[in-house]
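The primary structure of each chain is shown beneath.
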Amino acid sequence: MAADPVREWSDEQLKSDDLPKKDIIKFIQENAAHSFLNEHKLLGNMKNVAKTAKKEQLIIAYNQLFQSKRFKGSEPIEEVTEKVKAVKIEDKPKEAKAEVVDEGPPRYTKSVLKKGDKTNIPKKGDTVSCWYTGTLEDGTVFDTNIPTAARKKKQAKPLSFKVGMGKVIRGWDEALLTMSKGEQARLEIEPEWAYGKKGLPDSKIPPNAKLIFEVELVAVD
Amino acid sequence: MALEQLSDVVQRCQALPVDSYTSEDQDVFLISGRTCIEEGNVAQVLSIILDEKNKEVVRYMGWSLLPPLVGILLKKEERNVPQCLAIFNHLIESCSPKELLIGLLENMEHDDPDTIAESVHLLLTPLQKVLMRLGNRKASSLGMTLSSVLDQVTKLPLPRTKEQEEDDVFSVCRSCTDLIVFVRPFVQEVSRTLLKSDELSDSTQKMTIRQRTDEEDELRTELLKFCMKALSRPLLEVHLKEPDTLAVSPLRNFAEDILNILRTIGEPLTALVHRPVLKRKLVPGFLEEEVRYPKESLASLTHLVFVHLLAADAFSYVYSPVFCLRCNMEHICLLLSRTEENMIQKGLELYEKSLLRVDDGTLCADLLEIRTFLTVPKNLVNVMTMCPRHDLRTKGLKIFQLSIDKFDTEAKYKFFQYTLKAISHSGVQGYIIKNIKNQINSALQTGNSNTWFLGIHLLPLLRKVLILPDGPETDLLQYLDRLMESLNLLRYLIIRDKVTENQTGIWTELYKIEDTFTKPLRVGLNMTRAHYEKELQNTMEDKKAKTREEMKVSVSVGDEKLPKMTSQSQIQALHSALHTFDMIESVLVRVEELIDVQETP
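Along each chain, the written sequence defines residue order, and numbers are assigned to residues from 1. By the order in which they are written, chains take letters starting at A while ligands take numbers starting at 1. In keeping with the predicted nature of the model, local features appear solely for residues at pLDDT of at least 70, side-chain atom pairs appear and are counted solely at 80 or more, and the whole-chain, interface and lining totals rest on all residues. Hydrogens and water molecules were not included; the side-chain quantities draw on all heavy atoms of the structure.

Trainee: Tell me about the overall build of chain B, and please be specific about residues and values.
Mentor: Segments assigned H or I by DSSP are reported as helices when at least four residues long, segments assigned E as strands when at least two residues long, and all are numbered from the N terminus. The number of helices and strands found in chain B is 26 helices and 2 strands. Here chain B has a C-alpha radius of gyration of 36 Å; the compact-globule value for 601 residues is 25 Å, and the former is much larger. Dimensions of chain B, computed from the C-alpha atoms along their principal axes, are close to 120 × 85 × 45 Å. When accessible area is computed with a 1.4 Å probe and restricted to protein chains, residues below 20% of their type maximum are described as buried, those above 50% as exposed, and intermediate ones as partly exposed. By residue count, 49% of the 601 residues in chain B fall in the buried class. In these tables, accessible area is a Shrake-Rupley quantity obtained with a 1.4 Å probe, and a residue counts as shielded only by the protein chains included in the view. When the accessible surface of chain B is summed, it comes to about 29000 Å², and 52% of that surface belongs to carbon and sulfur atoms. Charged residues are defined here as Lys and Arg on the positive side and Asp and Glu on the negative side; His and the ends of the chain fall outside this count. Charged side chains are reduced to one point each, which is NZ for Lys, CZ for Arg, CG for Asp and CD for Glu. Taken as two groups, the 72 positive and 86 negative side-chain charges of chain B have centres that lie 4 Å from each other. Each radius of gyration reported is based on C-alpha atoms, and the globular scaling rule is 2.2 Å times the count of residues to the power 0.38.

Trainee: Which residues make up the packing of aromatic side chains, and what values do they have?
Mentor: Aromatic rings from Phe, Tyr and Trp, taking only the six-membered ring of Trp, are treated as a pair when their centres fall within 6.5 Å; an angle between ring planes under 30 degrees marks them as stacked, one over 60 as edge-to-face, and anything in between as tilted. Considering all chains together, one arrives at 24 aromatic pairs over all chains under this definition. Relative to A:Phe66, the ring of A:Phe27 lies with its centre 6.1 Å away and its plane at 25 degrees, an arrangement referred to as stacked. Note that A:Phe27 is positioned in helix H2 (residues 21-31) and A:Phe66 in helix H5 (residues 55-68), a separation of 39 residues in sequence. As far as burial versus exposure is concerned, A:Phe27 and A:Phe66 are alike and both buried. We call a charge positioned over a ring when the NZ of a Lys or the CZ of an Arg lies within 6 Å of the ring centre and within 35 degrees of the ring normal. Sitting over the face of the ring of B:Tyr293, B:Arg275 holds its NZ or CZ atom 3.7 Å from the ring centroid.

Trainee: Can you break down the domain arrangement of chain A residue by residue, with the values?
Mentor: Bear in mind that the domain bounds are from an automatic or database domain assignment. You can read the domains of chain A as domain 1 (11-68) and domain 2 (108-220). When each unit is reduced to the centre of its C-alpha atoms, the spacing between domain 1 of chain A and domain 2 of chain A is 77 Å.

Trainee: Before we move on, could you go through the pairing of strand E5 (residues 184-189) of chain A and cite the residues and values that matter?
Mentor: Residues and elements named next belong to chain A. Alternating positions in E5 separate cleanly, Ala185, Leu187 and Ile189 being buried on one face and Gln184, Arg186 and Glu188 remaining unburied on the opposite face. Paired strands, in this sense, are two strands between which DSSP finds at least two bridges. Relative to E5, strand E1 (residues 108-114) is paired through 6 bridges, and the arrangement is antiparallel. Within the sheet, the bridge partner assigned to Lys110 lies in E5 and is Leu187. Where E5 and strand E6 (residues 211-220) come together, 6 bridges link them in antiparallel fashion. Residue pairing across strands places Ile189 opposite Leu211, the latter belonging to E6.

Trainee: Describe the side chain of B:Asp168, naming the residues involved and giving the relevant values.
Mentor: All names here are of chain B. Within the secondary structure, Asp168 is located in the loop between helix H10 (162-167) and helix H11 (172-203). We define a salt bridge as a contact between a side-chain nitrogen of Lys or Arg and a carboxyl oxygen of Asp or Glu at a distance within 4 Å. Here Asp168 occupies a buried position and makes no salt bridge, while the nearest side chain of opposite charge, Arg174, is found at 6.0 Å. Look past the residues within four positions of Asp168 in its chain and what remains in contact with it is Cys173 and Arg174. Should any heavy atoms of two residues lie within 4.5 Å, those residues are counted as being in contact.

Okay, here's the thing in structure tokens:
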């Protein structure tokens, strides 16, 4: 263990005007434990300390230091915490982009109305084609692409898009990855995986709306 | 006299085969016929025209009578109109369609709005009849007709207010409505073709689609080009009124009709809106893509669908709001990069609507890797700082903040980083710095802490903010907005973040900040103030000493020097600058005080 620091100055020398306050402060700051400095208000910027501390106080502190022997390193736990405070947080290695962690259970339910072929199941990035009808909980139909007799003149086509890519509301992206070609299902999607708190302004979909879709997956490419 | 000449030439030509009519004959026919019509001998001309024996003559040469006939019909002289109309209609049915087409289109070209509107109204139906007579060879003629008619209609002054639209003084609305009526049978023809090919493929149970003939394809393409052209002019230039402002709006109906035509001819609206984003096979051929799907027209279409909610039933609700935003950014980018105020306004409206569909704090940082997400803010800044219209500048700023609010924390951080680097406008930078302060404030609330506006990422960002760009020589007036916000931010941090907690890291960083920011600022402030005070003194002395003095301050705009500032204005300007320095000083002093207080135990 390193030897304790030695007294540099006698009492007379301390009181002398030749010895500037700064030197005493410097010595004490370099050699005293952090808690000691704190108690004697000797922490911080040299200039500031010199402004506020009187010579008499410094002499007292100097003497007390040698009496109590509260030198640096004498209070290990406290030193360690000091060191810990001084440790800079190194740049953490970039967390690898993990899969989106599902916070909680899926926000939709699926009931199969007609089974599919169970073999053609779309993967992320595949193009799927669907007929669908969307209703609100109260039964209002807000959207459909199924041709009715009246709409025949505008040729209706199934909705085609690349699944699993965030192009559609999340409930659809997730549900379609579980369906197979030819399957008809009823999806009930919570607002979090549909249009959320806002709903869709200027439309039939209000805020926090649960959406119900009947979907038929007709093709997988 | 003319009537005799006409009868003569007709009789003479009766006996001749068509290809032996001399050009002299044709001239005589034309001139005498015209004279008769203009002199009012229309009844006689009518009987000559209707005479069976003259059928060939009429068929070959009759079309040359169109100009005088149209002239009479446009003048609407009660007396002659019925017979002229009879002649006109007969010619439409008998003469060669190609000649008639050219004749009719020529008669539609005018310069004054009244005549344009009247001739469009008069001639569209005959044009339609003539085109139908062309049968399977009508596509290119239809294209030419539609293009000419649209060119004429767009010469008419557009209504700006709802009253102007109601009054329709220049008949723009009527012309647009007429156009839709004109084009309807052709649209239906294309629609039938498409249905047939679908049915055929159903019946054969095969996936092959019956190949459309070139003619059918061409017809569809001409209608597509027409819609695209209309979307650009007049629709991009006109400001549609909402139903609650104007219940019956012919222009809104026109827009809706154009969208419906597109759907009917097999161009689904969602595909058109998404076109710039989806990696679709582009139309082969040089410039074909731009001819058939011009970007400006697609932007206009997107605006109609998203802002005016036209053809809303054509749009699937299944697409995610973020995906819609992504697609729309392409259109927004185009509109905001233009200087025409109506385009800028539509760009802002579309941007706002697209952002409002997305929840706050949900857009992730990955989106900033898409080019438009960086270009659009730059364009928006141009609008905010340079657009002559005050309401557009204000709206631009509001939407700028809205776009920031939609980003999640990481994306906000990266966006602030980007804008501080890429956009040098001091006011905008100041605005961003204010946003940074708000984010730090939010992060300091319990439960909100994040690693972007606290923790390891904050200091690098702060270092970019709490700095004087040119050291003590920085032009304080030029950078004023940025400076004030930076000082405010520093003051906020010192007050809010206790030295013992140091959550933002500001206290450990402070000595560096003093070197890069507060100390040079203090120096610069003193220097600049001294300089300006001396200037002021000199100016005041000069003013006292002499009545006319070589002014040292001069301002030029473009290449013209503005008249020299009077010494009174100079003094005012200098006072104003000094006042600004006082303002900066007061915050700086406060900051320095706070630092001292906190650092003294």
